[in-house]
Every structure is written in structure tokens, then in C-alpha cells.
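Each chain is listed here by its residues.
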Amino acid sequence: MSPIFDADEAGLAAAAAALARGALVAIPTETVYGLGVDARQAKAVAALYAAKQRPRFNPLIAHVANAEAARREGVFTPAAQALAEAFWPGPMTLVVPSRPESQICDLARAGLPSLALRVPAHSIALALLTRCGFPVAAPSANRSGRISPTSAAHVLQDFPSGLAGILDGGPCAIGLESTIVRCDDQGATLLRPGGLKRASIEAVIGPLLLAGAEESVQAPGQLASHYAPRAAVRLNALSAAAGEVLLGFGAIDGDLNLSPSGDLAEAAAKLFQSLRVLDARGVGIIAVAPIPEIGLGEAIMDRLRRAAAPRLPISS
Ligand code: TXA
Ligand code: MG
């Protein structure tokens, strides 16, 4: 069984040692748990893709302890600098041109000339990254196409074996993946809405460009049917039909309610956990109450639309 490492000195030392020898360790962050591997070691990265059953063209986010370490790997435009200063550590990933001297292996970038970097706002993750001293590539610690994990127990469900360890940092405070912004000489482009509100970013650097449809191949855990429970998902439901369970929001109460008070941050934190709980009941359809697409609602509805999309085979 994949062992659980406590978030103490011994656990951090075991996690860092396992990563350094090229093994897979699940790590907590404030967004979701990541499946971490030393981003410099191509063989280890290959093992990660295999464990996740992730298509190889989907590049990984490299996690580092601070902005200075990030700037050693990638080229930061003035907009990227401003965002890093404003929001790191935090739920934001920057995609920037790779430096020739970057330590991150080609396979972790899926051969792209750019790379994705993030400094997570989680004390255990930062302690681990500082101890490692090398970039840790980590996609969300779910099998490809499945719901992202927001607790160590969720990681164990998808990876009962095969990991050197799962570093237990408790439940994730934000519960949605990071917002991804690409910064290059074209400007700043929103590639994925996430745990940092678009409005917060635009308050710092002005309006973001929107990624074109053709970029969904390059950008993306953006495969249409991502974040999918086993059950089908029906959106904007006001009540449950026969054979459905209802995931409520605000005044529309259901079998579970993402936030009875209509708080979008609470809803984000509970989204993946709630989908898992309802999915475990073995129902055919999860109906979801309407969620306003403002603030974090943009990222919540992005994930729900992917969960509701027609399913691709799991390996695609
Ligand atoms: O909150 C998060 O972002 C979590 C935690 C663990 O940090 N990670 C996460 O990773 O969600 P993942 O691999 O599930 O999603 C990363 C996304 C993918 O959609 C990938 O295609 C995109 O980042 N990405 C990575 N490198 C890229 C690049 N060079 N250009 C465009 N997109 C990139
Ligand atoms: Mg993912």
C-alpha cells in the first residue's frame, strides 16, 4: 500500500529522499494534492505519466519554493514579474518561455518551448520544496480524467499502491486547481480559470487575453471530459429527477449543498469532495444546482462543464 507520511520532520525527510531518488510522492498544496516527482529526472517523469495514465502531450506544472527559483527556470516578462510578486505563493501557475539552462527535463514540458511554474501557498509544500532544492513536477494526484484529490484519503483511492508515499497536509483550503496564465511577448493569456479569481489578476495587469480553441490541445487538462465522476452530470438543475441525486447550492438544497449561504469559496473547497461522495452512492446522474459564474464561480463551472461533457476513453 502507498504509505502515508505525516507532515513532521521525519515525514518531510522521507518525502524529500524519495523524490531525490526518482520515486513518486503525493504532496499537499492549497489547491489540490499533486503527484510529485523530481522535474529534472526524465525517467522519473516517465514513470509519473505511466502511473497517472496521462497522455504524454499534457505538460506538467513545476513547483518551486520561491519566485527566485522560478526565474532561474523561465523568462519572466514584466507582467509575469508583477503577477509573481502579487500572487506567489498562491493558487496561480505562470506559463513562460523556458530558459536554455532550465533544469526541467523536456518530458516534463512535453517538449514545449514553454514551461509552467508555481509557488504553492502551503507551509508543508514549501517546507518540502525548500528541503528538495530542485523543481518538483506535479500534476493533480488523480488518475487521468478523474476527480482531483483534496485530501490524502482521496489520493489513496486513486493510487492504493505504487507511490513511495503520500505526504498528509490535511484537506486543501481552496479545493480547485490553480489559475493558469501564460505570459509571453503576445501578452498575458488565461489558459485555465482556477483558484485565483480572474478579477484579482486583471486588477494587477489589466484584461487577460482568452486562449483560442486551437490551444486547448496545448493548454490543457483541458480535454473536454476532464474531472469526471463515474456518474453522468447534469448542470443547472432546480430539482432532482428520478434516478438523480442533487448537488445543491444556496437556496436550492439537495442531497448535499456546496454552500447553503451561497459562498463561492466554500463551494470551491467542497466541489470535488462532494462529487466523490455522491459518486460513491452509485447513482446514474448527479444533477447540480445553478452556480453564478462570477469570481470563483467561473472556475467551478469550468470544472463542472468538463465533468458533464461526453466522456473520452480514459487514456485519451
Ligand atoms: O493547482 C494545480 O495547478 C495543481 C497542483 C498540484 O499544483 N496541479 C494541476 O496540474 O492541476 P495538472 O497537471 O492537473 O494541470 C496542469 C495544466 C495542464 O492542463 C497542462 O496542460 C498545463 O497545466 N500546462 C503545463 N505546462 C504548460 C505549458 N507549457 N503550456 C500550456 N499549458 C501547460
Ligand atoms: Mg489535473
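About the cut-offs
Residues numbered from 1 in each chain as written. Chains lettered and ligands numbered in written order. Predicted model: local features only at pLDDT ≥ 70, side-chain atom pairs only at ≥ 80, totals over all residues. Heavy atoms only, no water. Helix = DSSP H or I, 4+ residues; strand = E, 2+ residues; numbered from the N terminus. Rg over C-alpha atoms; globule rule 2.2 N^0.38 Å. Buried < 20%, exposed > 50% of the residue type's maximum accessible area, 1.4 Å probe, protein only. Contact = heavy atoms within 4.5 Å. Lys, Arg positive; Asp, Glu negative; His and termini not counted. Charge placed at Lys NZ, Arg CZ, Asp CG, Glu CD. Core = buried A, V, L, I, M, F, W, Y, C linked by side-chain atoms within 4.5 Å. Pairing = 2+ DSSP bridges. Salt bridge = Lys/Arg side-chain N within 4 Å of Asp/Glu carboxyl O. 1 Å grid on protein atoms, 1.4 Å probe; cavity = no way out; pocket = protein on both sides within 12 Å on 5 of 7 lines; lining within 4 Å. Points joined across faces, edges and corners; volume = space filled by probe spheres on them. Nonpolar A, V, L, I, M, F, W, Y, C, P; charged D, E, K, R; others polar.

S.K.: Any chance you could explain the overall build of the chain here in plain terms?
M.R.: Each helix and strand in the chain was counted, giving nine helices and 15 strands. The C-alpha atoms of the chain give 19 Å as radius of gyration, which agrees with the globular expectation for 316 residues (20 Å, within 12%). Structurally, the chain occupies a C-alpha span of about 60 × 50 × 35 Å along its principal axes. Counting across all 316 residues of the chain, residues that qualify as buried make up 56%. Taking the intrachain contacts of the chain between residues at least 6 apart in sequence as the baseline, contacts between residues at least 24 apart amount to 69%. Where the 27 positive side-chain charges of the chain centre and where its 27 negative ones centre are 5 Å apart.

S.K.: Looking at this model, I keep getting lost on the nonpolar core. Mind explaining?
M.R.: Looking at soluble globular proteins, one finds that nonpolar side chains tend to be buried together. Membership of the largest hydrophobic core comes to 45 residues, with the highest contact counts inside it found for Phe76, Trp88, Leu94 and Leu117. Not counting residues within four places of it along the chain, the set of residues in contact with Phe76 comprises Ala70, Arg71, Gln81, Ala84, Trp88, Leu94, Val96 and Leu117. Counting 27 residues, the second largest nonpolar core, distinct from the first, contains Val245, Phe272, Met301 and Ala307.

S.K.: Sorry, what's going on with the sheet that holds strand β6 (residues 114-118) here?
M.R.: In sheet architecture, strand pairing relies on hydrogen bonds along the backbone and comes in two forms, parallel and antiparallel. With mixed pairing, 11 strands are arranged side by side in an open sheet as β1-β8-β2-β3-β7-β4-β6-β5-β9-β10-β11. Pairing within the sheet leaves two strands with one partner each, and these edge strands are β1 (4-6) and β11 (209-210). Direction of pairing for strand β3 (residues 34-38) relative to strand β7 (residues 136-137): antiparallel, over a ladder of two bridges. Looking at β7, one finds that Asp38 is bridged to Val136.

S.K.: Explain the sheet that holds strand β15 (residues 285-288) to me, please; I cannot follow it from the model alone.
M.R.: A sheet is described by the order of its strands in space; here four strands give the open sequence β12-β15-β13-β14, paired in parallel fashion. Each end of this open sheet is capped by a strand with a single partner; those strands are β12 (232-234) and β14 (256-257). As paired elements, strand β13 (residues 244-248) and β15 share four bridges and run parallel to each other. Residue pairing for β15: Glu244 is matched across the bridge by Ile285.

S.K.: Quick question: what am I supposed to make of the pattern of salt bridges here?
M.R.: A side chain of one charge can pair with a side chain of the opposite charge if their charged atoms are brought near each other. Under the definition given, this model contains 15 salt bridges. When the shortest N-O distance is used, the salt bridge between Arg281 and Asp255 registers 3.8 Å. Of the two residues, Arg281 is situated in the loop between α8 (264-280) and β15 and Asp255 in the loop between β13 and β14; the sequence distance between them amounts to 26 residues. Note that Arg305 is salt-bridged to Glu293, the shortest N-O span being 2.6 Å. Within this pair, whereas Arg305 is found in helix α9 (residues 297-308), its partner Glu293 is found in the loop between β15 and α9, the two being separated by 12 residues in sequence. The class for Glu293 is partly exposed, based on a relative accessible area of 43%. A network of salt bridges, in which partner residues are shared, links Glu177, Asp302, Arg303 and Arg306.

S.K.: Whenever I open this one, unusual backbone geometry confuses me. Can you help?
M.R.: Trans peptide bonds make up the majority, and among non-glycine residues the majority have a negative phi. Residue Pro89 follows Trp88 across a cis peptide bond; omega there is -5°. Its place among the elements puts Pro89 in the loop between α4 (78-87) and β5 (92-97). The backbone of Ala110 shows a phi angle near 55°, a positive value even though the residue is not glycine. Following the sequence through the fold, Ala110 ends up in the loop between β5 and β6. Its relative accessible area of 26% is what places Ala110 among the partly exposed residues.

S.K.: Is there a simple way to explain empty space enclosed by the protein in this structure?
M.R.: Once rolled over the atoms, a probe with the size of a water molecule shows which space is left empty. One pass over the structure, following the stated rule, counts two cavities of 30 Å³ or more. In this model, the second largest cavity occupies a volume close to 30 Å³. Every residue lining the second largest cavity is listed: Pro193, Gly194, Leu196, Lys197, Arg198, Gly295, Leu296, Glu298 and Ala299. Partitioning the lining of the second largest cavity into residue classes produces four nonpolar, two polar and three charged.

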